[in-house]
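Structural overview
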Amino acid sequence: MKKEKILITCALPYVNGLPHLGHLAGCLLPSDVYARFNRLIGNETLYIGGTDEHGTPSELGAKKEGIDVLEYTTKYHNLHKDIYKKFNLSFDYFGRTSSNENTELSQQIARELAQNGYIEEREVEQVFSIDDDMFLPDRYIVGTCPYCGATNARGDQCESCTKVLDPKDLIDAHSAVSGSTNLEVRKTKHLYLKLSKLSDKVREWVNTRNWNKLTVGIANKWLDEGLSDRCITRDLKWGIPVPLDTFPDMKDKVFYVWFDAPIGYISITKELLGDGYKNWWLESCGAKDEKYVEFMGKDNVPFHSIMFPATLIGANSDYKKVDILKGLSYLNFNGGKFSKSANRGIFADSAIAEFPADYWRYWLIKNAPETDDTDFTFERFAEEINKDLNDVLGNFVLRVLKFYSSKIGTTLQHNPANGEKEQALKAELSSKISSYTKYLSEMEFRKAMAELRAIWVLGNTYIDEMAPWTVFKTDTEKSGEILAFAMNLMRIFLILARPVIPETVEKILSSLNTSGDWINDVEAEMNTIVKGHNFEVPASVFTKITPEKVTELNEKYNAKK
RNA sequence: CGCGGGAUAGAGCAGUCUGGUAGCUCGCAAGGCUCAUAACCUUGAGGUCAGUGGUUCAAAUCCACUUCCCGCAACCA
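Quantities reported herein were computed from a predicted structural model and do not represent experimental measurements.

Remarks on the overall build of chain A
Helix and strand counts for chain A stand at 19 helices and 16 strands. Across its three principal axes, chain A shows a C-alpha extent of roughly 95 × 55 × 40 Å. Out of the 561 residues in chain A, the part that is buried amounts to 57%. In chain A, once contacts between residues fewer than 6 apart in sequence are set aside, the share between residues at least 24 apart is 76%. Separation between the mean location of the 69 positive side-chain charges and that of the 80 negative ones in chain A comes to 2 Å.

Points about helix 5 (residues 195–207)
For helix 5, with 13 residues, the first-to-last C-alpha span of 17 Å sits near the 18 Å given by 1.5 Å per residue. Bending of helix 5 peaks at approximately 35° at the position of K201.

Remarks on the protein's contact with RNA strand B
In the vicinity of RNA strand B, 48 residues are found, and the nearest of them are P57, W258, K298, N395 and K402. Counting only the atoms of RNA strand B within 4 Å of the protein, the fraction contributed by sugar and phosphate is 75%. A distance of 3.3 Å separates a sugar or linking oxygen of RNA strand B from a polar atom in the side chain of R230. Here a base oxygen of RNA strand B and a backbone polar atom of F542 are 2.9 Å apart. Elements with a contribution of two residues or more to the surface near RNA strand B: helix 6 (213–225), helix 7 (257–273), helix 12 (378–407), helix 14 (445–466) and helix 15 (468–474). Partitioned by chemical class, the residues of the surface near RNA strand B number 15 nonpolar, nine polar and 24 charged.

Topic: the confidence of the model for chain A
A low pLDDT score tells you not to read the predicted coordinates there in detail. Across chain A, pLDDT averages 89, with 94% of residues at or above 70. The least confident element of chain A is helix 6, whose mean pLDDT is 70; the most confident is helix 16 (residues 476–496), at 98. Scored as a complex, the prediction yields pTM 0.93 and ipTM 0.91.

Points about empty space enclosed by the protein
For the coordinates displayed, the defined rule picks out one cavity of 30 Å³ or more. Lining the largest cavity we find 13 residues, and of these R230, W258, F259, M307 and T311 sit closest to its centre. At the level of elements, strand 10 (230–231), helix 7 and helix 9 (301–315) are the ones that each hand at least two residues to the lining of the largest cavity. For the lining of the largest cavity, the class distribution of residues is 11 nonpolar, one polar and one charged.

Observations regarding the sheet that holds strand 2 (residues 44–51)
The strand order across the open sheet built from five strands is 3-2-1-13-14, with neighbouring strands paired in parallel fashion. Each end of this open sheet is capped by a strand with a single partner; those strands are strand 3 (93–96) and strand 14 (324–328). Within this sheet the neighbouring strands show an average axis-to-axis angle of 20°, counted without direction. Here helix 3 (residues 69–86) sits on the sheet and contacts strand 2 and strand 3; the angle it forms with strand 3, its principal contact strand, is near 160°. Relative to strand 2, helix 7 is tilted by about 115°, and along the sheet it contacts strand 1 (5–10), strand 2, strand 3 and strand 13 (291–297).

Concerning the packing of aromatic side chains
Counted according to the given criterion, the structure contains 31 aromatic pairs. Ring centres of W360 and F381 lie 4.4 Å apart, and the angle between their planes is 20°; this geometry places the pair in the stacked category. With W360 in helix 11 (residues 357–366) and F381 in helix 12, this residue pair connects regions lying 21 residues apart in the sequence. Across the pair, F381 and W360 agree in class, each one buried. By the ring-pair criterion, three or more aromatic residues cluster together here, those being F333, F355, Y359, W360, W363, F376, F378, F381, F542 and Y557. Against the face of Y118 rests K197, its NZ or CZ located 5.3 Å from the ring centre. Residue placement shows R234 over the ring face of Y256; its charged tip is 3.6 Å from the ring centre.

Here's the deal with the nonpolar core
Counting residues in hydrophobic clusters, the biggest one holds 159 residues, and the most contacted among them are L21, F87, W360, F378 and Y436. For this core, the leading source of residues is helix 12, giving 14 residues. In this structure, F378 is in contact with F333, I346, W360, V550, L553, N554, Y557 and A559, ignoring residues within four places of it in sequence. Judged by nonpolar contacts, the second largest core, of nine residues, contains I141, C145, A153 and L170.

Rules and cut-offs
Residues numbered from 1 in each chain as written. Chains lettered and ligands numbered in written order. Predicted model: local features only at pLDDT ≥ 70, side-chain atom pairs only at ≥ 80, totals over all residues. Heavy atoms only, no water. Helix = DSSP H or I, 4+ residues; strand = E, 2+ residues; numbered from the N terminus. Buried < 20%, exposed > 50% of the residue type's maximum accessible area, 1.4 Å probe, protein only. Contact = heavy atoms within 4.5 Å. Lys, Arg positive; Asp, Glu negative; His and termini not counted. Charge placed at Lys NZ, Arg CZ, Asp CG, Glu CD. Expected span 1.5 Å × (residues − 1). Bend = angle between axes of the 7 residues up to and from the residue. Near = heavy atom within 4 Å. Polar contact = N/O pair within 3.5 Å; in protein donor to acceptor, adjacent residues only side chain to side chain. Nonpolar A, V, L, I, M, F, W, Y, C, P; charged D, E, K, R; others polar. pLDDT = per-residue confidence, 0-100. 1 Å grid on protein atoms, 1.4 Å probe; cavity = no way out; pocket = protein on both sides within 12 Å on 5 of 7 lines; lining within 4 Å. Points joined across faces, edges and corners; volume = space filled by probe spheres on them. Pairing = 2+ DSSP bridges. Axes fitted to C-alpha atoms, helices over the stretch in contact; angles between N-to-C directions. Phe/Tyr/Trp six-rings, centres within 6.5 Å; stacked < 30°, edge-to-face > 60°. Lys NZ or Arg CZ within 6 Å of the ring centre and 35° of its normal. Core = buried A, V, L, I, M, F, W, Y, C linked by side-chain atoms within 4.5 Å.

Pasting the structure below:
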């Protein structure tokens, strides 16, 4: 198989607050499974993640906790890092957008854009809150909707009647930060990225992409409506300062988070590899032949398909741009959204306290929201963990190992059987492994998991048909050979599951006293565990989730409203 | 007429691009097995493919319209 070079990024979660199952399902876990899979099949893989830290929510969050913003984002960055480690996300590096590297690179890209004539200074009017001593984003101005009379309308939109508003339309407008009505409209200067001028180049580039229908549809819609120039700076303290050497009028301004966040992919690589980042990000330095895959929630698709590529195209045509954009839908919780304020849903820290990472990983990948929003319920979770992991895989492992060790011992006295049945099974297994591998390379996670489960079932069917417990009574040798064959099957089942449930696989493979990266040649791999091989019987593989536990969880996490 | 996704057995989904006997998992029923975590294996029941109209020898699939659900909607990332 020809080895590929693969760069994988996962949309950077906003640092403010902890991620919930939706974030894991829609972006973090799929990217990790894909990264692990690529490493296992021998591709040169770089998997980059991090936290997006700048912007108003961080400033306000820090104020609320009474600490410095950097202290605040550092605290939450570490919480993210810690929790992802517990979920076994295998980032080659998990960085942050508040790093020096990101500051330098974002400033450099802004200079490049300015040199190429894609940045323009404009004077705009914005609402300033005198008591808060800050400009307020539209969203942080609330008041009464002039159309429907709702009293909680936001400056950008009324949530009751969905009408799009201008903050100046609001009746009794006040600051969402402090409640102050002491507001005034002030003039302020900002930098605009001239997307209108970049539109043709972006379209030309989009046309060369082999994206799926959804992504192309979103991208073309934006292009067809015409790209508007977009403000890339803000009047905030917490952000990357606009470089005054190039933009002398921009004192006390910072870049808008959406400008610097995706640049974080590049700067985080640089933080890890130093100048080696060029091999992954500059086409002239070897990035031309690599495959760059981005994972994100569907809300992020416009920014990754249009805004970020436009920024890179405008700055320097040598930057590597995305090849495959995997946008996923949302995971809901019992038919509603996850909500921290309403205490609905399960967040990453509680999730890992309830069940091992592999349970979550398996379920969330098997039910990845690929085409439509997907509903999480504890009932479904328990059902699939119990059935697939416990009954199909876990039970197969134990029934084989326990029988052999109790009747014969923990040192293998037999070589695997190789009759007609076994030949047929190996052929079927090869074909299913090809499909499974294909689905994983194409990021078709649901189909991949269905195929993996079907592969596991082959083990139980084989054992049942061959009935080594019956054969044992008359032909010990034959029985042992059947079980030896089953142990080799087991090894393959586990190796194939490595991208998804790495912790369990490591544990059981180590009991089996074997290992392996990936299965390319079934015939050869089926003769790995042979006469003389020692193994241990693991105490357990998975544990079932009881109905009582499901009831308890539903109450604990407000699953039933 | 904002954009997109969805509607297929009791539940969750595939199949729709490229029309040709409606499929998978769970649940349910019957049988088998008794090595294993009351697990496993086999078989079966269960569907006017959201609705209406059209194209066609033939429509879940193509076309038009309608209904319902879910997201997104450019200063919240």
